[in-house]
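Remarks on the overall topology
Now for the letters of each chain:
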Amino acid sequence: MAYETLISETTDSVLTLTLNRPDVLNAVTDTMLHELQDALKIAERDTAVRCLVLTGAGRGFCAGQDLNAGLAAVDGKRPSIGDHLRHGYSPVIRRLRAIEKPVIAAVNGIAAGAGANIALACDIRMASENAALAELFVKIGLVPDCGGTLFLPLLVGYGKAAELAFTGDRIGAAEAHRLGLFNHVVPADTLMERTHELAARLAAMPTKAIGLTKRAFNRAVMPDLDAVLDYEANLQEIASRTADYAEGTAAFREKRTPQFVGK
Ligand code: LHQ
């Protein structure tokens, strides 16, 4: 299948999906969301695919929502960010969690905002030494979405999750590994080879047993994912109506430091 923003390749029963907007660190557009939804839907049904790898082209994994794409008011009408999450991002997160095959994120560079939480929605994260992760929503006046309010405290505990989400600080690969956010950190030039080794190994294992294990983990530790995604969308809608969100996004586009007013 040929996509505009995604490269899809299958080798040794491993489907590799590469986010492909390298000039903007693979920032997410509507097209990318639709293509991801489509590719994951096909992968779910395709018995020849027994493991998935998600990675990014170029020096970034994914910089989250493309802040230059479709968020401005048109004819005085603002698009609803809550709806954007419900119809664009949430189906992707739900599919990553529901697909009964292992999903590995090969984090090749910065994973930020929605990009960070897409990585956290995967089962296992392999990372290169120059990878980094940032829950930087707060830096544009937003709250973590894409399931981050669940995945982050689940992986690192509440205190560290609060620190990462409240500050938006970027953490390097070694720190992310120490916190349990990245399973393994490897030299950049070996990331895809090492990821493929693990993926091929998992693809040769009893896929049904792995799928059922994933189903059980989902039920045990994230049974309310749908409600979490919906709640995040409601909260993001509120946050997106604040002066700080307007300032944060304007400052990003104008390449300057934002001046937040706290409301
Ligand atoms: C970008 C982006 C980007 C556009 C880098 N957009 N161009 C959901 C629903 C609806 C609304 C809002 O949000 C959400 C969820 C979210 O994901 S919110 C979070 C959105 N993402 C961000 O706020 C991240 C913005 N990017 C950054 O802060 C930096 O680019 C990071 C820290 C990711 C990387 O910094 P650097 O390594 O210094 O790279 P850079 O800033 O120079 O970026 C390279 C290029 O990519 C640059 O373009 P240029 O033309 O100057 O070379 C950036 O403008 C572009 N880019 N992220 N999200």
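Residues numbered from 1 in each chain as written. Predicted model: local features only at pLDDT ≥ 70, side-chain atom pairs only at ≥ 80, totals over all residues. Heavy atoms only, no water.

**Some points on the sheet that holds strand β1 (residues 6-11)**
Condition: Any two strands between which DSSP finds at least two bridges are classified as paired. A run of H or I in DSSP becomes a helix once it reaches four residues, and a run of E becomes a strand once it reaches two; helices and strands are each numbered from the N terminus. Between the N-to-C directions of two axes lies an angle of 0 to 180 degrees, each axis being a line fitted to C-alpha atoms and, for a helix, fitted only over the stretch in contact. What makes two residues a contact is simply this: any of their non-hydrogen atoms within 4.5 Å.
The six strands are arranged β1-β2-β3-β5-β7-β10 in an open sheet whose pairing can be described as mixed. Here the strands that pair on one side only, and so sit at the sheet edges, are β1 and β10 (184-186). Across the sheet, the axes of successive neighbouring strands diverge by a mean angle of 20 degrees, strand direction being ignored. Contacting β1, β2 (14-19) and β3 (51-56), helix α1 (residues 30-45) crosses the sheet at an angle of about 180 degrees to β2. Helix α3 (residues 114-121) contacts β3, β5 (103-107) and β7 (124-128) of the sheet and is inclined by roughly 125 degrees relative to β7.

**Points about the sheet that holds strand β4 (residues 60-62)**
Strand pairs in the sheet, formed through backbone hydrogen bonds, run parallel or antiparallel to each other. One open sheet accounts for four strands, arranged β4-β6-β8-β9; its pairing is mixed. Looking along the sheet, the strands with just one partner apiece sit at the ends: β4 and β9 (170-172). Between one strand axis and the next, the sheet turns through 20 degrees on average, direction left out of account. Against the sheet, α3 touches β4, β6 (110-112) and β8 (132-134), its axis set at about 100 degrees to β6.

**Considerations on the packing of α1 against helix α2 (residues 81-98)**
In a pair of packed helices, the angle between the axes and the distance between the axes together describe the arrangement. Rules: Oblique is the label for any angle not under 35 degrees, not over 145, and not in the 65 to 115 range, which are roughly parallel, roughly antiparallel and roughly perpendicular in turn. Crossings are assigned a handedness: left-handed for a near helix turned anticlockwise from the far helix by less than a right angle, right-handed for a clockwise turn. Gly is put with the polar residues, along with every residue not named as nonpolar or charged; the nonpolar set is Ala, Val, Leu, Ile, Met, Phe, Trp, Tyr, Cys and Pro, and the charged set is Asp, Glu, Lys and Arg.
Their axes nearest at 9 Å, the elements α1 and α2 cross at an angle of 30 degrees. Accordingly, the angle class assigned to the pair α1 and α2 is roughly parallel. Here the hand of the crossing between α1 and α2 comes out left-handed. Taking contact as the criterion, the partners of Asp 30, Leu 33, Leu 36, Gln 37, Leu 40, Lys 41 and Glu 44 in α1 are, on α2, His 84, His 87, Gly 88, Tyr 89, Pro 91, Val 92, Arg 95, Leu 96 and Ala 98. Tallied by class, the residues present in the contact of α1 with α2 amount to eight nonpolar, four polar and four charged.

**A few points about empty space enclosed by the protein**
A water-sized probe, rolled over the atoms, reveals where empty space remains. We count it as follows: For cavity detection a 1 Å grid was placed over the protein atoms alone, and a set of points counts as a cavity when a 1.4 Å probe fits there but cannot get out; an open set counts as a pocket when protein lies on both sides within 12 Å along at least five of seven lines, with lining residues being those that have an atom within 4 Å of a point. Grid points are joined across faces, edges and corners, and a volume is the space filled by probe spheres set on the points.
Scanning the model with the defined rule gives two cavities of 30 Å³ or more in all. Within this model, the largest cavity holds a volume of roughly 40 Å³. Around the largest cavity, the lining residues are Leu 85, Tyr 89, Ser 90, Asp 145, Cys 146, Leu 229, Glu 232 and Ala 233. Only α2 and α9 (225-239) provide two or more residues apiece to the lining of the largest cavity. Lining the second largest cavity, in full, are Leu 17, Leu 36, Leu 40, Leu 52, Val 53, Leu 54, Leu 96 and Val 103. At the level of elements, α1 and β3 are the ones that each hand at least two residues to the lining of the second largest cavity. Take the lining of the second largest cavity: its biggest share by element is three residues, from β3. Taken together, the residues of the lining of the second largest cavity sort by class into eight nonpolar, no polar and no charged.

**Section: the environment of Thr 257**
Filter applied, for reference: Type-normalised accessible area, obtained with a 1.4 Å probe on protein chains alone, sets the label of each residue: buried when under 20%, exposed when over 50%, and partly exposed for intermediate values.
When you line up the elements, Thr 257 lands in the segment after α10 (243-253). By relative accessible area, which is 60% here, Thr 257 ends up exposed. Separated by ten residues in the primary sequence, Thr 257 and Glu 247 place their C-alpha atoms 9.5 Å from one another.

**Points about the pairing of β5**
Of all five residues in β5, five are buried, a share of seventy percent or more. By the alternation rule, side chains of β5 split into Val 103, Ala 105 and Val 107 and Ile 104 and Ala 106, which are all buried. Pairing analysis gives four bridges linking β3 to β5, with the strands arranged parallel. The partner of Leu 54 across the bridge, within β5, is Ala 105. Sheet analysis places β5 next to β7, joined by four bridges and oriented parallel.

**Some remarks on the site of the ligand**
The condition that has to hold: A single heavy atom is enough: if one lies within 4 Å of a molecule or strand, its residue is considered near that molecule or strand. Polar contact criterion, stated in full: a pair of N or O atoms within 3.5 Å, where within protein one must be able to donate a hydrogen and the other to accept it, and residues adjacent in sequence count only if both atoms are side-chain atoms. The Shrake-Rupley method, run with a 1.4 Å probe sphere, supplies the accessible areas, and residue values consider only the shown protein chains as cover. A molecule is said to be in a cavity or pocket once over half of its atoms fall within 2 Å of that pocket's grid points.
With respect to spatial proximity, 26 residues lie near the ligand, and among them Arg 59, Ala 63, Gln 65, Leu 67 and Lys 255 are the closest. With respect to the ligand, the backbone of Gln 65 contributes an N or O atom lying 2.8 Å from a nitrogen atom. Leu 67 is positioned with one of its backbone polar atoms (N or O) 2.9 Å from a nitrogen atom of the ligand. Protein coverage of the free-state accessible area of the ligand, which is 1,000 Å², stands at 75%. According to the grid-proximity analysis, the pocket containing the ligand is the largest pocket. Classifying every residue of the shell around the ligand by side-chain character gives 16 nonpolar, four polar and six charged.

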